Amino acid sequence: MSDPVSGTTVQEEVCTVIEQSGLTLNKAQHDQLYKAIMQLITNQIPVALLKKNNLSDLIDKALARANLELKSAAIRDVTASNLDTTPGRLMQVGDFGIGGTTISIPNGSDVHAYFIGKPMGKYRAGSEVTGAAYQGQSWHEFDWMNYGANYGFLIEYTTDGRSAKHVLVNGAWIGVYEFLTSAGGSFNSTFKFGRVETLPQEQNPTVLFSRTGPDGTIVSGVELNWYANKVIIGIARNGSDGVQGLSITMNGNNLVSIDPSGNVWAVGNISSHSGVNAMSDVRSERNISSAGIIRAGAGLFDTPVFGFISLIIHSQ
């Protein structure tokens, strides 16, 4: 048995749809519900996005991107090549040799001519390029940092561990400067250090040094080491800019001094297997001995009371 209440309710719902679409109810038309639904859909199209338009029908695209939390990169083009410097484009991995393979320099290129006008980045070359600091190397890597087209620094690295800096100033390459590395190299330049020390093969480093101190201090010289023993040879200071002479010390004890006039002072014996020659006095606080002739331009002095002067003595 049909429910008159339910039937009436359905009729009212249908009539409401037809009337909301703007149509007038007409018992003679049996497609009014269909037309009403199509009209309602049509009425909503102006505020709906159509798939076929691919979001081109968005009214406020910037607001839509903001709602999706997309930043300005969303509307940028990517670079067209690994050397593309077009303003506003997005770098890709590997552009300018960063994050990927370094940029290859064509065989036969002159390095200095090649980099004029090139964007900064990381480059590589084989042995066929010219103008490199180290010709004949099977591989070179280059870091190029420039300011405009006329100024820049080009750092060169080689397979044997050496490196150098090429300098571009006002459009001209003004020089190539090698870096000091463990690989060594040939340097026609002056280097200034407070202290230079060799790598010891045992406990025997050799040191070149410069220092300051009171009168008598060896202020410039060489230090020789063998385990706990230390010999220092150098210039002994006298006053602000004078010298006492050349001094030799061992383990902190001054053994020999030669003053600016050439006089020799020694703590121990003066001995020779051939001969002793002097233009002036020969003096010793201990013994003077020689297997040969002892010659002195002036006097011959031996301090110990029981000291002896042996062999043939010629005083001239």
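Everything discussed here concerns the structure shown above.
Residues numbered from 1 in each chain as written. Predicted model: local features only at pLDDT ≥ 70, side-chain atom pairs only at ≥ 80, totals over all residues. Heavy atoms only, no water.

A. Geometry of the sheet that holds strand S13 (residues 264-266). Spatially, S7-S8-S9-S10-S11-S12-S13 is the arrangement adopted by the 7 strands of the open sheet, whose pairing is antiparallel. One side of each edge strand has no neighbouring strand; the edge strands of this open sheet are strand S7 (195-197) and S13. Taking each pair of neighbouring strands and ignoring which way they run, the sheet shows an average axis angle of 15°. Across 3 bridges, the pairing between strand S12 (residues 253-258) and S13 is antiparallel. Bridge assignment links Ile258 to a residue of S13, and that residue is Val264. (Pairing = 2+ DSSP bridges. Helix = DSSP H or I, 4+ residues; strand = E, 2+ residues; numbered from the N terminus. Axes fitted to C-alpha atoms, helices over the stretch in contact; angles between N-to-C directions.)

B. Expanded view of the nonpolar core. In terms of nonpolar packing, the biggest core is built from 12 residues, these being Ile103, Ile105, Val111, Tyr114, Phe115, Tyr123, Ala125, Val129, Phe142, Trp144, Leu154 and Leu168. Counting residues per element, the ones that place at least two in this core are helix H4 (111-115), strand S2 (121-125) and strand S3 (140-147). Ranked by the residues each element gives to this core, the list is headed by H4, at 3 residues. Look past the residues within four positions of Ile105 in its chain and what remains in contact with it is Tyr114, Phe115, Tyr123, Arg124, Ala125, Val129 and Phe142. (Core = buried A, V, L, I, M, F, W, Y, C linked by side-chain atoms within 4.5 Å. Buried < 20%, exposed > 50% of the residue type's maximum accessible area, 1.4 Å probe, protein only. Contact = heavy atoms within 4.5 Å.)

C. Summary view of the sheet that holds strand S4 (residues 151-158). The mixed open sheet is built from 6 strands, whose spatial order is S1-S2-S3-S4-S5-S6. Looking at strand neighbours, the two that pair on one side only are strand S1 (103-104) and strand S6 (172-178), the edges of this open sheet. Here S4 pairs with strand S5 (residues 163-169) via 6 bridges, running antiparallel. Looking at the pairing, Gly152 lines up with Leu168 of S5.

D. Quick peek at the pattern of salt bridges. One pass over the structure, following the stated rule, counts 7 salt bridges. In this structure, Arg195 and Glu197 form a salt bridge, with 3.5 Å as the shortest nitrogen-oxygen distance. Linking Lys230 and Glu223 is a salt bridge whose minimum nitrogen-to-oxygen distance equals 3.1 Å. Overall, Lys230 belongs to the partly exposed group, its relative accessible area being 32%. (Salt bridge = Lys/Arg side-chain N within 4 Å of Asp/Glu carboxyl O.)

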